[in-house]
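A look at the structure
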Amino acid sequence: MAIDVADPRVNTSWSSAADDTPASLHVADDTPASLHVADDTPASLQVFTMVNYVILSGTISAVGIVFNIINVIVFTKLGFTDSVNVTLLWLSVTDTMVLLLMVGYSLVHNPLLAQRFSHHDYLEAFGYLAFFWPRVVFKHISKCLTAFLAFERFLCISRPLKVKAIITHTTTCVSITAIYALNILAVVPIYACFSIGLTFDTLTNATTAGLVTSPDAPQLQNVTMTTNMFVHMTSFVLVTTFTIGLLKIFHRKSQWRHSTSSAGRNSSASSRDDKMVKLVILVSSVFVTCSFPSFVGAVAMLLAEDSALFNDVILVMFSVFFVLDSINATANIFIYINMSSRFRLTLQLMVKDVWSGSPRLK
């Protein structure tokens, strides 16, 4: 069966560009089309979802933007010789974009703004195309970068003699570029079949500005839906697999080092390697923890014969997923501070420079 997946707040009864037939939105991996808050939705659910979408997600995202900008500055100062730093830098850049778009999405769907805006359908359509889908793109890029980071560190600990020949600076840059390009291409069909324009609403017998669909929208939507579902499921499985592998190999090698007489002579190098492995494990673990509910939800929707029967449950469920996505994109700075002495020292110097009013150029 196909899953109807789209912005939870966008009205799914938009008129088609070809006729007045309602157009179904089959468009994202993490939010079903049926999540539009209907008039008969219980008031308690409306309040709960509004708190999650607007207040919690918006607030966490605003804080996370500051944290990720700090991450970007620190990793830039640390340089680009280490491929892991390059990946972490772009992960921070991507998370910044996820959170910026989440703040924009929260503002567009703030009920206080909606009440003051005379063209509510236009506001929803604008939020859908300007914030929701770009957020999906960057969120998937973040997932792929996390999977690449876990894979890179897994190779480093499982194939230490070969990893430098496999994961080079060029390989990392090419991989990151490919991840960006492929995820952006995946959403192109959405902008080919959706636009903002005048539509005739048969229910109100009026012409309003809103979301207009093209005649070939179902086919184009399914292309993006299938691609996004594949990225969503595959990235979760890969990160989980590599994290479990890292934990097992790291535990085994730690026991071996402690049992050998040479452990003392290599303690400094081993400690640095251990902290980097722990850093990646923690980053991956936060990702898995925050993504697991949406992974289960996606599987449940795939298996459900008619997900529309559980609209209220899905509405609540996916509002929580938005909050978890914001937490995942915000939390990494605490891992970096605790697990990377270079990151911590650079950050401390930045704070001292800002506090003294004489920021360093390098």
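Residues numbered from 1 in each chain as written. Predicted model: local features only at pLDDT ≥ 70, side-chain atom pairs only at ≥ 80, totals over all residues. Heavy atoms only, no water.

**Here's the deal with the pattern of salt bridges**
Scanning the model with the defined rule gives 2 salt bridges in all. Note that Arg-135 is salt-bridged to Asp-325, the shortest N-O span being 3.0 Å. On the criterion of sequence distance, the pair formed by Arg-135 in helix H4 (residues 120–158) and Asp-325 in helix H9 (residues 311–330) is long-range, its members being 190 residues apart. Each member of the pair Arg-135 and Asp-325 is classed as buried. Between Lys-139 and Asp-325 there is a salt bridge, and its shortest N-O distance comes to 3.4 Å. Within this pair, whereas Lys-139 is found in helix H4, its partner Asp-325 is found in helix H9, the two being separated by 186 residues in sequence. For the pair formed by Lys-139 and Asp-325, the shared burial category is buried. Taken together, the salt bridges that share partners define one network made up of Arg-135, Lys-139 and Asp-325. (Salt bridge = Lys/Arg side-chain N within 4 Å of Asp/Glu carboxyl O. Helix = DSSP H or I, 4+ residues; strand = E, 2+ residues; numbered from the N terminus. Buried < 20%, exposed > 50% of the residue type's maximum accessible area, 1.4 Å probe, protein only.)

**Topic: the nonpolar core**
Soluble globular proteins tend to pack their nonpolar side chains together in the buried interior. By size, the foremost hydrophobic cluster in this structure holds 63 residues, and its most contacted members are Leu-279 and Tyr-336. Among the elements that take part in this core, H4 stands out by supplying 16 residues, more than any other. Not counting chain neighbours up to four residues away, the residues in contact with Tyr-336 comprise Asn-71, Phe-75, Leu-88, Leu-91, Ser-92, Leu-279, Val-283 and Phe-343. If you look at the next biggest cluster of nonpolar residues, it comprises 9 residues, including Ala-147, Val-239, Phe-295 and Ala-298. (Core = buried A, V, L, I, M, F, W, Y, C linked by side-chain atoms within 4.5 Å. Contact = heavy atoms within 4.5 Å.)

**Thoughts on the packing of aromatic side chains**
The tally for this structure, following the rule as stated, stands at 17 aromatic pairs. Aromatic pair Phe-138 and Tyr-180: ring centres 6.3 Å apart, planes at 75°, arrangement edge-to-face. On the criterion of sequence distance, the pair formed by Phe-138 in helix H4 and Tyr-180 in helix H6 (residues 169–193) is long-range, its members being 42 residues apart. Of the two residues, Phe-138 and Tyr-180, both sit in the buried class. Centroid distance Phe-151 to Phe-242: 5.4 Å. Interplanar angle 55°. Geometry classified as tilted. One end of the pair, Phe-151, is in helix H4; the other, Phe-242, is in helix H7 (residues 217–259), with 91 residues separating them in the sequence. The class of Phe-151 is partly exposed, set by a relative accessible area of 30%. What links up through ring pairs into an aromatic cluster is the set Tyr-53, Tyr-105, Tyr-128, Phe-132, Trp-133, Phe-194 and Phe-322. (Phe/Tyr/Trp six-rings, centres within 6.5 Å; stacked < 30°, edge-to-face > 60°.)

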